[in-house]
Amino acid sequence: FLYNRKDLSEMYSLSLTVSVGHVAEFCVPPGSKSGHTYSALEGAVLHFLSQYNRLWQQTISTALAAGGPKVASSPNSDITGLSDAYGLGSSWGFKGNTSGALLQGEATARKEILAAMEQAATTAQGICEAMGDDPEFHRLAFMMHCIIDSMVNYGVREDRGAVFQLASLLFSALFRHDSFVPFMLMAAEHRRALQRRKLKATKSMNIGGQGRPADIEDTPAEPEPADTVLVYLPKPMVMMLQQLSYLLSFFPGRDDLIPEIRKAEHDLWRIVRPSLFPRDSQLYSEFFAPMSGQ
């Protein structure tokens, strides 16, 4: 692909055809994992993940050297119950099993868990924003943009099944990365909070339909603590989420494929700021693929 870095929506696809003798000996079936396209995309994904993790660790080291906040939550933080929903693991210091406290509504435990979650997400937000300002991230953002466009082209023209495998490789690793884990947990809890509110509303409507007030025959439940303060997904993470949504938009009607990644995508969109510049827009290009320093 050939891009205008000032406007990523201006893109040109260049096709190269190479003819060789004894074609039957060199021919690879379309969509084959042993084909050059799949191998090249797989290599690009692995290279991106490696470089992304290196930049994340470098950003943390810089923040710590500058006396920034420690990249850890309270030693008493205990929210593995939420991370289990996605099979996540991280180095944020979360431990134990709190799914019972979260789901059963134990007020004291929920307050502590949500406070730890908010603290971790706030810390991660600052680190992610600092990482997004690094010129190296601009290079990685453009690299990911090219990878996603290549996946779309490969899936539409050759093998969509192989593209879902590549998407799973890329986004499973990202969503399990320490940079995403706090936001994954917050997004999952935000979904749970919405479900609780809908359940309460449905219960109230059902009680009203029976012609009796809720406070006569039903013992009111113990007041639920306030939901966690919403920490929005930082711009660098929003960019990656946009790339995933853009990729999936080309393959509708296949919700049975990579269901956990689709679930994570839906959850994360709940914590994205309303003001959002679309992928391929000029503002997007200026932020994620600037020309300066390249």
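Just above, that's the structure.
Since this is a predicted model, take the numbers as computed values, not measurements.

Attention shifts here to the packing of aromatic side chains. Taken as a whole, this structure holds five aromatic pairs when the rule is applied. For the pair Phe175 and Phe180, a centre-to-centre distance of 5.2 Å together with 70° between the ring planes defines the contact as edge-to-face. Judged by its relative accessible area of 5%, Phe175 falls in the buried class. Here Phe180 falls in the buried class, since its relative accessible area comes to 0%. Through successive ring pairs, a cluster of aromatic residues spans Phe171, Phe175 and Phe180.

Quick look at helix 7 (residues 160-175) now. Taking 1.5 Å per residue as the helical rise, helix 7 with its 16 residues ought to reach 22 Å, and the 22 Å between its terminal C-alpha atoms agrees with that figure. Among the residues of helix 7, those classed as buried are Ala162, Val163, Phe164, Leu166, Ala167, Leu170, Phe171, Ser172, Leu174 and Phe175.

Further remarks concern the packing of helix 7 against helix 10 (residues 235-248). Contact geometry of helix 7 with helix 10 gives a least axis separation of 12 Å together with a crossing angle of 160°. In terms of orientation, helix 7 and helix 10 fall into the roughly antiparallel class. Relative to helix 10, helix 7 is oriented so that their crossing is left-handed. Counting all contacts with helix 7, which are made through Val163, Phe164, Ala167, Phe171, Leu174 and Phe175, the residues of helix 10 involved are Met240, Gln243, Leu244, Leu247 and Leu248.

Further remarks concern the environment of Phe183. For Phe183, the position within the fold is in helix 8 (residues 181-209). The class for Phe183 is buried, based on a relative accessible area of 0%. As a C-alpha pair, Phe183 and Ile271 span 88 residues in sequence and 8.2 Å in three-dimensional space. Sequence-distant contacts of Phe183, defined by excluding residues within four places in its chain, comprise Ala121, Ala124, Gln125, Cys128, Val231, Tyr232, Leu233, Pro234, Leu268 and Ile271.

Okay, the pattern of salt bridges next. With the rule as written, the count across this model stands at four salt bridges. Its salt-bridge partner being Arg139, residue Glu136 comes within 2.4 Å of it at the nearest N-O pair. A residue pair is termed a helical-turn pair when its members lie 3 or 4 positions apart in one helix, as Glu136 and Arg139 do in helix 6 (residues 135-157) at three residues. By relative accessible area, which is 18% here, Glu136 ends up buried. The exposure class of Arg139 is partly exposed, given its relative accessible area of 30%. The salt bridge partner of Arg191 is Asp267, with a shortest N-O separation of 2.8 Å. In this pair, Arg191 is assigned in helix 8 and Asp267 in helix 11 (residues 259-269), connecting sequence segments 76 residues apart. Note on accessibility: Arg191 and Asp267 belong to one class, buried.

With that out of the way, let us pick up a nonpolar patch on the surface. Residues Leu2, Tyr12 and Leu14 make up a contiguous nonpolar surface patch of about 340 Å² in total accessible area. Tracing the chain through its elements places Leu14 in the loop between strand 2 (7-12) and helix 1 (23-26). Classification of Leu14 by relative accessible area gives exposed; the value is 66%.

Rules of the game
- Residues numbered from 1 in each chain as written.
- Predicted model: local features only at pLDDT ≥ 70, side-chain atom pairs only at ≥ 80, totals over all residues.
- Heavy atoms only, no water.
- Phe/Tyr/Trp six-rings, centres within 6.5 Å; stacked < 30°, edge-to-face > 60°.
- Buried < 20%, exposed > 50% of the residue type's maximum accessible area, 1.4 Å probe, protein only.
- Helix = DSSP H or I, 4+ residues; strand = E, 2+ residues; numbered from the N terminus.
- Expected span 1.5 Å × (residues − 1).
- Axes fitted to C-alpha atoms, helices over the stretch in contact; angles between N-to-C directions.
- Parallel < 35°, antiparallel > 145°, perpendicular 65-115°, else oblique.
- Left-handed = near helix turned anticlockwise from the far one by under 90°.
- Contact = heavy atoms within 4.5 Å.
- Salt bridge = Lys/Arg side-chain N within 4 Å of Asp/Glu carboxyl O.
- Patch = residues over 30% accessible without salt bridge, like charges linked within 9 Å, V, L, I, M, F, W, Y side chains within 5 Å.
- Areas by Shrake-Rupley, 256 points an atom, 1.4 Å probe, with all protein chains shown as cover.

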